[in-house]
Amino acid sequence: MSSNLLAQLSGTRYPQLKETLTPFRLPMAHPDSISYIFLDDDKDPDGIKATLLNGKKVLWIDDDDDMKIGDLEGDMDNDALLIDINNDGLYSDEEDIILDYLDEDGDGKADYMALLENGLREFETEWLTCHYIWMIDEDQDGVFGHMNWDTFTFEAWDHAGRANFFTDYNGDAILLKAHNEPWNMENLSYNWENPFLHFDEDNDGLSEMAIRMLDRPQAIENTKDFITLKFSESVSSVQMGFDLDNDTEPGNELDFDMSLKFSGKGFQYQDQVHPFKSHPIAEGSDQFFTDPRYRHLTELIYPGRENAYDLTFDRGEWEYCWFVFDEDDDCNRWERVEFYDPKDPFKIGSGNGGLDDNPQADAAGDRGEWDSDFSGKGNLYISPLDGKIHLYGAETGYWRIDQHALFFQGWQGWRGDNLQPEDTDPVEPERFATVKYEDTDNNGFFDKISYDMDGDQVFEESFSLCDAKQPDKGEIFVTADMEYEDYSNLFNKVARVQSTKAVQMLALARQAGLNTDYYNFYKNPRSVNEQYNHGYWLSYYLLRDIKQLKVINPKVKGIDEDRVYYSLPEWTRDL
């Protein structure tokens, strides 16, 4: 990492780089500073005011009435922690932080945590450096959001190793989040990321699938109070991420391989109500909250784990669908493989108008495809062009190749200034290979592939299934009917396709008298992903070798490498 980058990241954007030990715990209170608050007549305390050893002033509210004289702090099942960050004597006002825990089933473990990270009162913008968050701990691992107790900030991306985030993106977890002040929002039962779901499909404590739904806030015109925004109560964007080969494990905690994005009018979800079973609130505690409305909610409204996926297809009115595949398998992001934009395939860099225009996208190594009119309904197919999964209905697609993940993406948050920091130097390639896909006959299937494999930004070679009078169609996999296991099975099938094609191309190469031992590295895959990756590259290299041999040795005849390479194995037609 460069010294300049380290200096940049060691500032306010990424305080974790300045840590020697991570401060997981709220600093303890100075015992002489503790005073108890009594709000009712039962003679036990209902709150604690204290000054922490670092000088910060806090207020604990005992919502479940189990606090005792002698306690140094509240508990984390049904209490609220209010922190006076700016030392103005108020505990839930501008620039202050609230962590509010709720145990709705009475088992002594919090089921919800509300996190409010307040900014300044603001009337102009819909996007602020603040948070209104609900976290729901469905797998009961006790993990919610991560606070840096040196800086007293919510740090959603602090992590150990490659992508072992301290905030709960693993297992069965739900996050509802807005970057707005609660006092500016009309109905706090709704949210912006509403919801952000993680799915643990095999009960290993890690996430194999994620769904992120967005409800964009709208301005309230001519308002005369603090409430300036309201949610549309419609989901207008759905993004899904899939770990197709289920290769997450300790040390590789997040590894999504493919994402789908649905955007448009979307669907309304006012009927997706999740009532609290119970929500105890300490009597008289509203006086300590600038805006106590969130504490009096009886319900949260969001598409839940059981039906979020189905609602996307059953109710969604979508204008377009995007697809991205992490071909270099280097994505450890917490939410999805970030999407490529349908822009210039040869421009590179965040905000530069290329495929990776999105600062969260991988600079190289991913394959993006775009169905601009939603004609394919978000469905998938395996193309004879390359034996890979493709988006049905996509008009074009590009694969920007990073063959060996040399420009490793990792958990990458954001290339450039933003709340999402970086802990690796975001180097981008100056030269890269590109593959282009086209549907020239507009039947929903790619039929033409073009190659710029030397990185000179000129497609030097192409192949057309239509010109070769070979079929371009494949079995359509209807995503509306699929579950996670079906996506995993589809990828296993594609890995088998690549292995089969590699065997077929090896046979052709031997028939042509080629020495294939140069590629022994690719002949020994050790995982499903290596079957997929190694099979593809072995077939491609052999295709190129056979073509070159036929040029320099005209006596090599009777080998139709294109017909073998650009077709699917016979057995795929029986499945």
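Use the structure listed above.
Quick notes on the rules
- Residues numbered from 1 in each chain as written.
- Predicted model: local features only at pLDDT ≥ 70, side-chain atom pairs only at ≥ 80, totals over all residues.
- Heavy atoms only, no water.
- Helix = DSSP H or I, 4+ residues; strand = E, 2+ residues; numbered from the N terminus.
- Rg over C-alpha atoms; globule rule 2.2 N^0.38 Å.
- Buried < 20%, exposed > 50% of the residue type's maximum accessible area, 1.4 Å probe, protein only.
- Contact = heavy atoms within 4.5 Å.
- Areas by Shrake-Rupley, 256 points an atom, 1.4 Å probe, with all protein chains shown as cover.
- Lys, Arg positive; Asp, Glu negative; His and termini not counted.
- Charge placed at Lys NZ, Arg CZ, Asp CG, Glu CD.
- Polar contact = N/O pair within 3.5 Å; in protein donor to acceptor, adjacent residues only side chain to side chain.
- 1 Å grid on protein atoms, 1.4 Å probe; cavity = no way out; pocket = protein on both sides within 12 Å on 5 of 7 lines; lining within 4 Å.
- Points joined across faces, edges and corners; volume = space filled by probe spheres on them.
- Nonpolar A, V, L, I, M, F, W, Y, C, P; charged D, E, K, R; others polar.
- Core = buried A, V, L, I, M, F, W, Y, C linked by side-chain atoms within 4.5 Å.
- Patch = residues over 30% accessible without salt bridge, like charges linked within 9 Å, V, L, I, M, F, W, Y side chains within 5 Å.
- Salt bridge = Lys/Arg side-chain N within 4 Å of Asp/Glu carboxyl O.
- Pairing = 2+ DSSP bridges.
- Disulfide = S-S within 2.5 Å.
- Phe/Tyr/Trp six-rings, centres within 6.5 Å; stacked < 30°, edge-to-face > 60°.
- Lys NZ or Arg CZ within 6 Å of the ring centre and 35° of its normal.
- Axes fitted to C-alpha atoms, helices over the stretch in contact; angles between N-to-C directions.
- Parallel < 35°, antiparallel > 145°, perpendicular 65-115°, else oblique.
- Left-handed = near helix turned anticlockwise from the far one by under 90°.

J.: How should the overall build of the protein chain be read in this particular structure?
T.: Broken down by element type, the protein chain carries five helices and 29 strands. Relative to its length of 575 residues, the protein chain is compact, with a C-alpha radius of gyration of 27 Å against a globular reference of 25 Å. With the C-alpha coordinates aligned to their principal axes, the bounding extent of the protein chain is approximately 100 × 50 × 45 Å. Across the 575 residues of the protein chain, 58% fall into the buried class. Once local pairs closer than 6 in sequence are excluded, the contacts in the protein chain between residues at least 24 apart make up 65%. When the accessible surface of the protein chain is totalled, it reaches about 23900 Å², and 48% of it is carbon and sulfur. Mean positive and mean negative side-chain charge positions of the protein chain (50 and 120 charges, respectively) differ by 9 Å.

J.: Explanation requested: the side chain of His 390 in the structure shown.
T.: Along the chain, His 390 turns up in strand S24 (residues 389-391). A distance of 3.3 Å separates the side chain of His 390 from the side chain of Arg 367, its partner in a polar contact. Within polar-contact distance, the side chain of His 390 engages the side chain of Asp 386 at 2.9 Å. Ignoring any residue separated from it by four or fewer positions in sequence, one finds His 390 in contact with Phe 323, Arg 367, Glu 369, Asn 379, Leu 380, Tyr 381, Ser 383, Tyr 437 and Phe 446.

J.: Looking at this structure, I do not really get empty space enclosed by the protein. What am I missing?
T.: Which parts of space are left empty comes out when a probe the size of a water molecule is rolled across the atoms. For the structure shown, the criterion picks out six cavities of 30 Å³ or more. In this structure, the largest cavity spans a volume of roughly 80 Å³. Taken together, Glu 327, Asp 328, Gly 365, Lys 388, Trp 399, Ile 401, Asp 402, Gln 403, Tyr 532, Asn 533, Tyr 536 and Trp 537 make up the lining of the largest cavity. Among the elements of the structure, strand S25 (396-401) and helix H4 (528-552) are those that each provide at least two residues to the lining of the largest cavity. Tallied by class, the residues present in the lining of the largest cavity amount to five nonpolar, three polar and four charged.

J.: Looking at this model, I keep getting lost on the nonpolar core. Mind explaining?
T.: A general trend in soluble globular proteins is that nonpolar side chains are found buried together. The biggest cluster of nonpolar side chains holds 108 residues, and the ones touching the most others in it are Trp 134, Leu 380 and Ile 389. By size, the runner-up hydrophobic cluster in this structure holds 46 residues, among which are Ile 83, Tyr 169, Ala 210 and Phe 339.

J.: What exactly am I supposed to notice about a negative patch on the surface here?
T.: A cluster of acidic side chains, namely Glu 201, Asp 202, Asp 204, Asp 310, Asp 314, Asp 481, Glu 483, Glu 485 and Asp 486, defines a negative patch on the protein surface. Secondary-structure elements contributing two or more residues to the negative patch are helix H2 (308-314) and helix H3 (484-511). Take Asp 314: it is sitting in helix H2.

J.: Explain the pairing of strand S3 (residues 57-62) here, please?
T.: On a regular strand, one side chain projects to one face of the sheet and the next to the other, so that they alternate. Most of S3 sits inside the fold, with five of its six residues counted as buried. By the bridge criterion, five bridges tie strand S2 (residues 47-51) to S3 in an arrangement that is antiparallel. If you follow Gly 47 over to S3, its bridge partner there is Ile 61. Here S2 folds back onto S3, and the loop between the two strands holds five residues, one of which, Gly 55, carries a positive phi near 100°. Across six bridges, S3 lies against strand S4 (residues 79-84) in antiparallel orientation. Counterpart to Val 58 in the pairing with S4 is Ile 83.

J.: Is there a simple way to explain the state of the cysteines in this structure?
T.: Overall, the coordinates contain zero disulfides when judged by the stated rule. There is no disulfide at Cys 331, and the cysteine sulfur nearest it, in Cys 321, is 18 Å away.

J.: I'm lost on the pattern of salt bridges in this one. Help?
T.: Any two side chains of opposite charge can pair if their charged atoms end up close together. According to the stated counting rule, one finds 29 salt bridges in the structure shown. A salt bridge links Glu 335 to Arg 333; the shortest N-O distance between them is 3.0 Å. Note on accessibility: Glu 335 and Arg 333 belong to one class, buried.

J.: Would you explain the packing of aromatic side chains in this entry?
T.: Each aromatic ring pair is described using two quantities: the centre-to-centre distance and the angle formed by the ring planes. With the rule as written, the count across this model stands at 45 aromatic pairs. On the numbers, 6.3 Å between centres and 50° between planes, the contact of Trp 370 with Tyr 398 is tilted. With Trp 370 in strand S22 (residues 366-371) and Tyr 398 in strand S25, the pair connects residues that are 28 residues apart, well separated along the chain. Of the residues examined, Tyr 398 reaches a relative accessible area of 11% and is grouped as buried. Lying over the aromatic face of Phe 199, Arg 305 brings its terminal NZ or CZ to 4.9 Å of the ring centre. Taking the ring centre of Tyr 565 as reference, the NZ or CZ of Lys 501 above it sits at 4.7 Å.

J.: Teacher, can you tell me more about unusual backbone geometry here?
T.: When glycine is set aside, most residues are seen to have a negative phi, and most peptide bonds are trans. Following Asn 194, the chain continues into Pro 195 via a peptide bond in cis, with omega recorded as 10°. The residue Pro 195 is located in strand S13 (residues 193-199) in this model. Located in the positive-phi region is Gln 457, a residue other than glycine, with phi close to 65°. On the secondary structure map, Gln 457 appears in the loop between strand S27 (448-452) and strand S28 (461-464). Of note in this structure, Lys 469 is not a glycine but carries a positive phi near 55°.

J.: I keep staring at the packing of H3 against H4 and nothing clicks. Help me out?
T.: In a packed pair of helices, the relevant descriptors are the angle between the two axes and the axis-to-axis distance. Their axes nearest at 8 Å, the elements H3 and H4 cross at an angle of 30°. The pairing of H3 with H4 is recorded here as roughly parallel in orientation. Along this stretch, H3 crosses H4, giving a crossing that reads as left-handed. Every residue of H4 that contacts H3 at Phe 491, Asn 492, Val 494, Ala 495, Gln 498, Ser 499, Lys 501, Ala 502, Met 505, Leu 506, Leu 508 and Ala 509 is listed here: Val 528, Asn 529, Gln 531, Tyr 532, Gly 535, Tyr 536, Leu 538, Ser 539, Leu 542, Leu 543 and Ile 546.

J.: I keep staring at the side chain of Asp 103 and nothing clicks. Help me out?
T.: Its location among the elements puts Asp 103 in the loop between strand S5 (97-102) and strand S6 (112-117). Buried Asp 103, no salt bridge; nearest opposite-charge side chain is Lys 277, N-O distance 8.9 Å. One polar contact links the side chain of Asp 103 to the main-chain amide nitrogen of Asp 105, over a distance of 3.4 Å. Excluding residues that lie within four positions of it along the chain, Asp 103 makes contacts with Asp 77, Asn 78, Gly 108, Lys 109, Ala 110, Asp 111 and Ser 278.

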